[in-house]
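# Structural description and commentary
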Amino acid sequence: MRICKSKKVIMNLDPIDICPKPAVYQRSNGRESHLYDVLSFKDFTETGAYYFEMRNIRYELRYLTDKFDKIDIKRKKCERKILTYLLENEHIIDKKISDALDVYDSDKIGLYDYAALYAGGSVISTPNTSPYLVEHATIFLINMNFLSDPKSILQPTTLPGNCFAFDGTEGRVRIKLARKIEIKAVTMEHIRLDVDRSSAPREFRVYGLPHQNGETPEVLGTFTYQLTGRPYQTFQIVNNDTKAFEIVELHILNNYGKDDYTCIYRFRVHGNYTEY
Amino acid sequence: MRICKSKKVIMNLDPIDICPKPAVYQRSNGRESHLYDVLSFKDFTETGAYYFEMRNIRYELRYLTDKFDKIDIKRKKCERKILTYLLENEHIIDKKISDALDVYDSDKIGLYDYAALYAGGSVISTPNTSPYLVEHATIFLINMNFLSDPKSILQPTTLPGNCFAFDGTEGRVRIKLARKIEIKAVTMEHIRLDVDRSSAPREFRVYGLPHQNGETPEVLGTFTYQLTGRPYQTFQIVNNDTKAFEIVELHILNNYGKDDYTCIYRFRVHGNYTEY
Amino acid sequence: MRICKSKKVIMNLDPIDICPKPAVYQRSNGRESHLYDVLSFKDFTETGAYYFEMRNIRYELRYLTDKFDKIDIKRKKCERKILTYLLENEHIIDKKISDALDVYDSDKIGLYDYAALYAGGSVISTPNTSPYLVEHATIFLINMNFLSDPKSILQPTTLPGNCFAFDGTEGRVRIKLARKIEIKAVTMEHIRLDVDRSSAPREFRVYGLPHQNGETPEVLGTFTYQLTGRPYQTFQIVNNDTKAFEIVELHILNNYGKDDYTCIYRFRVHGNYTEY
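Model, not experiment: these values are computed from the prediction. Residue indices follow the written sequence of each chain, beginning from 1 at its first position. For naming, the first written chain is A and the first written ligand is 1, with later ones following in the order written. It should be noted that, the model being predicted, local features are given only for residues of pLDDT at least 70 and side-chain atom pairs only at 80 or more, the latter also being counted only at that level, while totals for whole chains, interfaces and linings use all residues. To get the side-chain values, all heavy atoms of the structure are used, and hydrogens and water are removed first.

## A word on the overall build of chain A
The helix and strand tally for chain A stands at 4 helices and 11 strands. Three labels apply to residues, based on accessible area from a 1.4 Å probe with only protein chains included: buried if under 20% of the type maximum, exposed if over 50%, partly exposed otherwise in between. Put simply, chain A has 276 residues, and 54% of those count as buried. Here, residues are in contact when the closest pair of their heavy atoms is within 4.5 Å. Long-range pairs, those at least 24 residues apart, make up 74% of the contacts in chain A with a sequence separation of at least 6. Accessible surface area values rest on a Shrake-Rupley calculation with a 1.4 Å probe, where residue burial reflects the displayed protein chains alone. Carbon and sulfur atoms provide 51% of the accessible area of chain A, an area that totals close to 12,600 Å². Where helices and strands are cited, they refer to DSSP runs of H or I of at least four residues and of E of at least two residues respectively, numbered from the N terminus.

As structure tokens, this is what we get:
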């Protein structure tokens with residue numbers, strides 16, 4: 001009986017060619033059969049199959065042992081990596097929290113605001129824009145007494161009503177920055193706490209002017225404030241030239257559905273300081 | 001020598017019945033012995049035990065290889081799952097931090113407060129309750145000059161002394177909400193920073209009245225502020241009817257041990273806005 | 001043919017001495033060879049090597065199975081541990097965030113400040129120190145109008161300009177605490193938001209005096225504010241005696257490079273309250 005003609009061998013265990021190979025499985029009628037199902041004890045002994053079977057077992061055992069050891073090393077390495085990470089995890093969390101609080105403590109976003117009152121910025125005009133009447137505003141749950149002043153938008157706030165509300169859905173505020181800067185980004189902020197947030201700015205355009213009596217305003221960008229996003233949203237100004245501006249005009253194009261008025265809580269201008 | 005009578009076989013390796021089974025272990029005197037301890041070389045060869053032993057080894061090797069491969073697949077899957085989680089972990093942390101800061105930025109708890117000054121709420125009376133004398137308060141480390149005004153409790157604060165202090169351990173404050181609402185929850189806040197926190201409110205009851213000159217006050221709930229909990233604690237009002245109230249009375253029942261006075265830092269009323 | 005003289009055996013599988021041991025590998029010309037490479041079928045049968053080889057395989061298989069089971073138990077345990085941790089991880093993050101926010105809400109650092117205006121502290125003098133002129137300060141981007149008042153350092157702030165600015169790089173502020181305390185720590189705070197942070201205090205010394213007209217000031221410590229660290233930095237006072245002080249003098253020794261002026265945003269004094 002020949003056993004080395006079998007087509008299927010468990011695996012190629014070794015570079016050494018070990019024919020005659022013992023057949024481990026032989027297919028008959030689509031089923032897998034084992035060597036011992038087809039070789040009787042007598043055949044097994046007389047053909048010397050046990051020699052090859054034993055050799056094969058030896059190779060397989062060696063192969064399995066090696067594979068097992070290799071994978072066990074990988075497993076240990078991976079576990080160590082994970083456990084090390086988890087040990088560090090609490091430090092990572094603590095660090096992230098303290099970093100986030102330090103940024104929050106820095107006027108919430110950690111960016112210097114050249115339009116802010118604290119920097120020396122000011123509102124110079126609100127072209128074609130009427131501040132909303134305070135008496136009306138109160139009935140919308142928000143107490144706007146003495147607050148609908150455009151310079152509200154140049155200072156920090158967290159409370160409903162501390163905004164500049166103007167008639168309708170479109171309006172402009174012209175701001176003199178603390179100094180002439182290359183504008184890199186602007187931030188629009190609206191509070192979350194309001195019962196009715198439909199008065200929040202939606203699309204807005206930002207213009208720059210070199211000086212108060214300067215040339216035609218230059219469009220720096222048109223942006224959309226996302227009502228479902230974070231309260232403070234910073235938008236990058238993408239202009240490759242390094243032109244500096246002292247005057248910025250914020251043009252609110254529309255709001256989130258309130259017809260009567262629109263509220264701006266805070267608008268900021270960030271940039272590089274340049275000496276002129 | 002018969003070896004198929006042994007009681008103990010390592011494992012049931014295969015559905016195929018492979019009797020005569022080689023005895024792997026035989027108990028003698030309570031100890032486990034190995035086949036090779038009880039079968040001499042001569043026995044091993046002459047009984048043909050090696051045939052069965054070899055078959056058994058083959059099955060066990062196959063079983064172990066299969067088991068190993070299956071477990072290795074599970075291991076890889078689990079490791080991938082963990083590593084994926086850890087990769088996402090930093091995003092989870094960042095998201096949780098920014099969400100928490102956004103809530104904190106929304107009057108600390110992210111709930112609109114219909115009692116707050118910002119909403120239009122006001123204190124209308126403090127029945128049977130005497131504001132604590134400012135001159136006395138100073139000696140308890142807290143500078144209460146011009147602060148022991150009941151409307152203090154309707155505005156944000158983080159600093160010691162910015163509270164309404166009243167004589168004794170029991171007191172009432174009647175508040176007119178910004179508008180008539182279905183009251184869903186109230187929030188009691190006390191700062192952590194005080195050296196002596198025994199003046200904090202402990203148990204308190206909340207009443208609702210439909211109008212300023214309304215019917216008998218209706219009890220909305222009795223709650224306990226936990227001194228060891230978070231500074232701001234929100235309590236749900238469980239009433240299934242949808243009755244709306246414009247007036248809320250806060251009744252402090254006792255405090256955490258200070259006999260002379262009790263301090264309320266902030267009390268808030270949350271709810272659904274309903275049009276009447 | 002003797003096979004038990006081989007030097008190398010795969011592993012010591014069992015306490016039982018199983019000589020004659022089958023040689024698994026034999027080195028010839030620096031290469032590893034297998035038993036089956038050196039033993040012919042005839043040798044294998046005639047020497048009875050198969051008996052020992054089989055026994056060895058049996059031991060190795062048993063050893064590998066045991067090892068595999070043990071490691072699999074360890075693996076499962078480790079995976080469970082990791083998965084349990086990850087399940088708890090979100091709670092850990094939430095807890096850390098809310099704890100950090102509660103501390104932040106407690107005057108940012110959660111320590112009572114006996115120098116603060118809220119506690120009843122006050123600035124009693126600024127020996128040999130001239131407040132910086134407001135008109136000059138504005139040109140450095142910071143609007144210091146009406147702010148360069150030493151008592152600024154006894155109250156919370158987050159905005160640029162809300163500091164006490166004094167001429168030059170060295171200055172003193174003498175503070176009367178809310179009451180006589182054992183001083184345990186001091187906190188120096190400088191905001192991050194400034195465009196130019198070179199006016200931040202660098203090294204400073206803290207003195208204690210028992211009373212306003214007391215003995216010679218006692219040095220409590222000399223510290224360095226790290227400009228790259230957190231905005232608020234707390235320094236422990238290491239003095240083993242339990243001497244109490246009512247007056248504290250802050251002596252700024254130098255700053256981070258600004259020649260004209262130095263800004264102190266906040267200085268705090270923490271300690272144990274003691275009854276005298």
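## Quick word on the domain arrangement of chain A
Split by domain assignment, chain A resolves into domain 1 (52-106) and domain 2 (117-272). Where a domain begins and ends is set by an automatic assignment or by a domain database. Look at where the C-alpha atoms of domain 1 of chain A and domain 2 of chain A centre, and you get two points 51 Å apart.

## Structural notes on the interface of chain B and chain C
Counting residues at the interface gives 53 residues for chain B, matched by 45 residues for chain C. Between chain B and chain C the total buried area reaches about 4,400 Å² when both faces are included, carbon and sulfur atoms providing 66% of it. Each salt bridge in this description consists of a side-chain nitrogen of Lys or Arg and a carboxyl oxygen of Asp or Glu lying within 4 Å of one another. Run the count over chain B and chain C and you get 7 salt bridges. Here C:Asp102 ties to B:Arg230 by a salt bridge, and the two come within 2.6 Å at their closest N and O atoms. Polar contact is the term for a pair of N or O atoms within 3.5 Å; when the atoms are in protein, one must be able to donate a hydrogen and the other to accept it, and sequence-neighboring residues count only if both atoms are side-chain atoms. Scanning the region where chain B abuts chain C turns up 11 residue pairs in polar contact (both at pLDDT 80 or more). Mapped onto the side of chain B that touches chain C, the elements with two or more residues apiece are strand S2 (31-34), helix H1 (35-38), helix H2 (41-46) and helix H3 (49-105) of chain B. Partitioning the side of chain B that touches chain C into residue classes produces 33 nonpolar, 7 polar and 13 charged. Accessible-area loss on putting two parts together, using a 1.4 Å probe and summing over both, is the definition of buried area adopted here. Polar here means any residue outside two lists: the nonpolar Ala, Val, Leu, Ile, Met, Phe, Trp, Tyr, Cys and Pro, and the charged Asp, Glu, Lys and Arg; Gly therefore counts as polar.

## Some points on helix H3 (residues 49-105) of chain A
All names here are of chain A. Between the first and last residue of a helix there are one fewer steps than residues, each counted as 1.5 Å, and that sum is the expected span. Between the first and last C-alpha of H3 there are 81 Å, a value that for 57 residues agrees with the 84 Å anticipated at 1.5 Å per step. Bend angle per residue: angle between axes fitted to the 7 residues ending at that residue and the 7 residues starting there. Helix geometry: H3 is bent most strongly at glutamate 88, by close to 35°. Of the residues flanking the end of H3, it is aspartate 107, one or two places downstream, whose phi is positive at about 55°.

## A few points about the relation of the copies chain A and chain B
What relates the pair of chain copies is a rotation about an axis plus a shift along that axis. With an RMSD of 0.3 Å, the operation that places chain A on chain B is a rotation of 120° combined with a shift of 0.1 Å along the axis. Viewed as a symmetry operation, the transformation between the two copies matches a three-fold axis. The copies were overlaid by least squares, fitting only the C-alpha atoms of residues that reach a pLDDT of 70 or more in each copy.

## Remarks on the packing of aromatic side chains
Residue and element names in this part refer to chain A. Two aromatic rings from Phe, Tyr or Trp, using only the six-membered ring of Trp, form a pair when their centres are within 6.5 Å; if the ring planes differ by under 30 degrees the pair is stacked, by over 60 it is edge-to-face, and anything between is tilted. A complete count under the given rule lists 30 aromatic pairs over all chains for this structure. Ring plane angle 45° and centroid distance 5.9 Å describe the contact between phenylalanine 164 and phenylalanine 166, whose orientation is recorded as tilted. An identical accessibility class is assigned to phenylalanine 164 and phenylalanine 166; each is buried. Taken together through their ring pairs, the aromatic side chains of Phe204, Phe223, Phe235 and Phe267 make up a single cluster.

## Let's talk about the packing of H3(A) against H3(B)
Note on geometry: axes are C-alpha line fits, over the in-contact stretch for helices, and angles between N-to-C directions span 0 to 180 degrees. Contact pair H3(A) / H3(B): the axes reach a minimum separation of 10 Å and the direction vectors enclose 10°. In terms of axis orientation, H3(A) runs roughly parallel to H3(B). Taken together, the residues of the contact of H3(A) with H3(B) break down into 30 nonpolar, 4 polar and 14 charged. Convention used here: angles under 35 degrees read as roughly parallel, angles over 145 as roughly antiparallel, angles from 65 to 115 as roughly perpendicular, and any remaining angle as oblique.

## Some details on the interface of chain A and chain B
The interface of chain A with chain B comprises 53 residues on the first partner and 45 residues on the second. Summed over the shared surface of chain A and chain B, the result is 7 salt bridges. Between A:Glu60 and B:Arg58 there is a salt bridge, and its shortest N-O distance comes to 2.8 Å. Taken together, the connections running from chain A to chain B amount to 11 residue pairs in polar contact (both at pLDDT 80 or more). Contributions of two or more residues to the side of chain A that touches chain B are made by strand S2 (31-34), helix H1 (35-38), helix H2 (41-46) and H3 of chain A. Along the lines of polarity and charge, the residues of the side of chain A that touches chain B split into 33 nonpolar, 7 polar and 13 charged.

## Considerations on the pattern of salt bridges
Residues and elements named next belong to chain A. In total, this model carries 69 salt bridges over all chains according to the counting rule given. Put simply, lysine 243 and glutamate 218 hold a salt bridge, and the shortest N to O gap is 2.5 Å. Highlighted residues: lysine 243 in the loop between strand S8 (232-236) and strand S9 (245-252) and glutamate 218 in strand S7 (residues 218-224), separated in sequence by 25 residues. Assessed through its relative accessible area of 34%, lysine 243 is described here as partly exposed. Take glutamate 218: its relative accessible area is 24%, and that puts it in the partly exposed class.

## Some details on the environment of C:Ile124
Residues and elements named next belong to chain C. Inspection of the secondary structure puts isoleucine 124 in strand S3 (residues 122-125). As for isoleucine 124 and isoleucine 93, which are separated by 31 residues in sequence, their C-alpha atoms are 44 Å apart. Not counting chain neighbours up to four residues away, the residues in contact with isoleucine 124 comprise Arg174, Ile175, Lys176, Gln212 and Ile247.

## Remarks on unusual backbone geometry
Phi is mostly negative for residues that are not glycine, and the peptide bonds are mostly trans. Here A:Asp107, not a glycine, exhibits a phi torsion of approximately 55°, which is positive. Considering the arrangement of structural elements, one finds A:Asp107 in the loop between H3 and strand S3 (122-125).

## Focus on the state of the cysteines
Residue and element names in this part refer to chain C. When the sulfur atoms of two cysteines come within 2.5 Å, that pair is taken as a disulfide. Scanning all chains against the criterion turns up 0 disulfides over all chains. You can see cysteine 163 has no disulfide; the closest cysteine sulfur is in cysteine 263, sitting 3.3 Å from it. A relative accessible area of 0% means that cysteine 163 is categorised as buried.

## With respect to the environment of C:Ser152
All names here are of chain C. Tracing the backbone shows serine 152 in the loop between helix H4 (134-138) and strand S4 (164-167). When its relative accessible area of 9% is taken as the criterion, serine 152 is described as buried. When the C-alpha positions of serine 152 and asparagine 162 are compared, they lie 6.6 Å apart, and in sequence the two are 10 residues distant. Separated by 2.8 Å, the side chain of serine 152 and the backbone oxygen of aspartate 149 make a polar contact.

## Section: the environment of B:Leu83
As for its position among the elements, B:Leu83 is in helix H3. Take B:Leu83: its relative accessible area is 28%, and that puts it in the partly exposed class. If we skip the residues at most four places from it in the chain, B:Leu83 touches A:Cys78, A:Lys81 and A:Ile82.

## Re the confidence of the model for chain A
Predicted coordinates in areas of low pLDDT are best not read in detail. All names here are of chain A. Across chain A, the average pLDDT comes to 80, with 78% of residues at or above 70. Here residues 1-28 is a poorly scored stretch, pLDDT under 50, and it has 57 contacts once near neighbours within four places are set aside; other chains count. The predictor attaches a confidence to each residue, and that confidence, scored 0 to 100, is pLDDT. Scored below 50 in pLDDT, residues 136-140 makes 9 contacts in the model with residues more than four places away or belonging to other chains. Reported confidences for the modelled complex are a pTM of 0.80 and an ipTM of 0.80.

## Here we look at the side chain of A:Arg266
Residues and elements named next belong to chain A. Note on placement: arginine 266 falls in strand S11 (residues 266-273). With a relative accessible area of 1%, arginine 266 lands in the buried category. Within polar-contact distance, the side chain of arginine 266 engages the side chain of aspartate 113 at 3.0 Å. Discounting chain neighbours no more than four positions away, the residues touching arginine 266 are Asp107, Asp113, Ala116, Tyr118, Ile153, Leu154, Gln155, Pro156, Thr187, Met188 and Glu189.

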